[in-house]
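So you can see what is in the structure, the chains are spelled out below.
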Amino acid sequence: LPNLSRNFTSYIFTLAGVADVSAARVQQTRVAPVPTSGFSVGAGNGRTNYTSIDGGENDSGVGSLRVRNLSIEAVQEFQVNRNAFSAEYGFTAGTAVNVVTRGGQNAFHGSGYLFYRTEKTAARDPLNTTGLKAYERRLSPGFTVGGPLVRNRAFFFSSLEAVKYDIGR
């Protein structure tokens, strides 16, 4: 799926009943920003979500994520458990999200990519009534590589993604 932010947690917004928790702060400026996971499932506040990567805890203790910059090319799948989940997700009263990363195989494989966006390739902001587009340039090159360390026993997988983002202020 296309992902403009290149953030791995953006894929959770494709599910029904998921909202961005920053909307409340936009509407009410006196609301103090509190660390959250960034998303609300089923009208929760975003602080009770539990996010793990390959089963390991990815929560800083106050609802915000420890690892925020995992390359989306390294993500194999998302597991979203809204309720009635097993005891391994006992750290939460909200939603449990597990991100499963890709792994190596018996054959060497890899990929290279370049995500590029400018104001010339993007639509004008609908709230911009001047008709002029603001300067924007986003460049995200990256690569993935994986393969065997010991055939049929040990594998490796690595991913690297850089971000260069310039916008007019």
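Above this text sits the structure in question.
Below is a short write-up of the structure. (Residues numbered from 1 in each chain as written. Predicted model: local features only at pLDDT ≥ 70, side-chain atom pairs only at ≥ 80, totals over all residues. Heavy atoms only, no water.)

Section: the overall build of the protein
Put simply, the test is: Strands here are runs of E lasting at least two residues and helices are runs of H or I lasting at least four, both read from the DSSP assignment and numbered beginning at the N terminus. The buried label goes to any residue with under 20% of its type's maximum accessible area, the exposed label to any with over 50%, and the partly exposed label to all in between, with areas taken from a 1.4 Å probe on protein chains only. Here, residues are in contact when the closest pair of their heavy atoms is within 4.5 Å. Values of accessible area rely on a 1.4 Å probe in the Shrake-Rupley scheme; residue burial ignores everything except the protein chains shown.
Counting its secondary structure elements, the protein contains one helix and 10 strands. In the protein, which comprises 169 residues, the share counted as buried stands at 31%. Within the protein, residue pairs in contact and separated by at least 24 positions form 56% of the contacts whose partners lie at least 6 positions apart. Here the protein displays about 10700 Å² of accessible surface, and carbon together with sulfur accounts for 54% of that area.

With respect to the packing of aromatic side chains
Ring pairs (aromatic) are described by centroid distance and by the angle formed between their planes. Under the convention used in this document: Two aromatic rings, drawn from Phe, Tyr or Trp (for Trp, its six-membered ring), form a pair once their centres lie within 6.5 Å of each other, and the interplanar angle then sorts them: stacked below 30 degrees, edge-to-face above 60, tilted otherwise.
Per the stated rule, a full pass over the model turns up two aromatic pairs. Both rings, one in Tyr 11 and one in Phe 78, keep their centres 6.2 Å apart while their planes meet at 65 degrees; by these two values the pair is edge-to-face. With Tyr 11 in the segment before β1 (18–20) and Phe 78 in strand β5 (residues 75–81), this residue pair connects regions lying 67 residues apart in the sequence. Here Phe 78 falls in the partly exposed class, since its relative accessible area comes to 25%. Aromatic pair Phe 108 and Phe 156: ring centres 6.2 Å apart, planes at 55 degrees, arrangement tilted.

A closer look at a nonpolar patch on the surface
Basically, it comes down to this: Like charges are joined within 9 Å and nonpolar side chains (Val, Leu, Ile, Met, Phe, Trp, Tyr) within 5 Å, but only among residues with over 30% relative accessible area and no salt bridge; these make up the patches. Note on definitions: salt bridges are taken to be side-chain nitrogens of Lys or Arg within 4 Å of carboxyl oxygens of Asp or Glu.
Taken together, the side chains of Val 163, Tyr 165 and Ile 167 present a nonpolar region at the surface, about 270 Å² in accessible area. Summarising the element assignment, Ile 167 is placed in strand β10 (residues 164–167). Among the residues examined, Ile 167 registers a relative accessible area of 34% and is labelled partly exposed.

Comments concerning the layout of surface pockets
In plain terms, the rule: Of the grid points, spaced at 1 Å and generated over the protein atoms alone, those admitting a 1.4 Å probe that cannot get out make up cavities, while open sets with protein on both sides within 12 Å along at least five of seven lines make up pockets; any residue with an atom within 4 Å of a point is treated as lining. Grid points are joined across faces, edges and corners, and a volume is the space filled by probe spheres set on the points. Think of it as three bins: nonpolar holds Ala, Val, Leu, Ile, Met, Phe, Trp, Tyr, Cys and Pro, charged holds Asp, Glu, Lys and Arg, and polar takes everything else, Gly as well.
Of the voids in this model, the largest pocket is the one considered here, and its volume is about 200 Å³. Contributing to the lining of the largest pocket are 11 residues, with Arg 6, Asn 69, Leu 70, Glu 161 and Val 163 lying nearest its centre. A per-class count over the lining of the largest pocket returns three nonpolar, four polar and four charged. Forming the walls of the second largest pocket are Arg 117, Glu 119, Ala 122, Ala 123, Arg 124, Asp 125, Asn 128, Leu 132, Lys 133, Ala 134 and Glu 136. Classifying every residue of the lining of the second largest pocket by side-chain character gives four nonpolar, one polar and six charged.

Quick look at the nonpolar core
The condition that has to hold: We define the nonpolar core as a collection of buried residues of types Ala, Val, Leu, Ile, Met, Phe, Trp, Tyr and Cys that are connected through side-chain atoms lying within 4.5 Å of one another.
Residues Phe 8, Tyr 11, Ile 53, Leu 70, Ile 72, Ala 74, Val 75, Val 99 and Phe 157 constitute the largest nonpolar core, which totals nine residues. Residues in contact with Leu 70, not counting those within four places in the same chain, are Arg 6, Phe 8, Ile 53, Val 75, Val 99 and Thr 101. By size, the runner-up hydrophobic cluster in this structure holds five residues, among which are Ile 12, Phe 39, Val 41 and Val 97.

Overview of the pattern of salt bridges
Inspection of the entire model under this criterion finds four salt bridges. Residues Arg 138 and Glu 136 are paired through a salt bridge, measuring 3.9 Å at the closest nitrogen-oxygen approach. Neither Arg 138 nor Glu 136 differs from the other in exposure class; each is buried. Each of Arg 117, Glu 136 and Arg 138 takes part in salt bridges that share partners, so that together they form one network.

Quick notes on the sheet that holds β5
Applicable threshold: Only strands joined by at least two bridges in the DSSP assignment are considered to pair.
Sheet architecture is open: four strands sit in the order β4-β3-β6-β5, paired in mixed fashion. What marks the edges here is a single partner per strand, and that holds for β4 (56–57) and β5. With four bridges connecting them, strand β3 (residues 50–53) and strand β6 (residues 96–101) associate as parallel partners. Looking at β6, one finds that Thr 51 is bridged to Val 97.

Considerations on unusual backbone geometry
At Asn 152, a residue that is not glycine, the phi angle is positive and equals roughly 65 degrees. Position of Asn 152 relative to the elements: it lies in the loop between β8 (136–150) and β9 (154–161). Owing to a relative accessible area of 57%, Asn 152 belongs among the exposed residues under this scheme.

Read these as layout, nothing more, since geometry by itself doesn't imply function.
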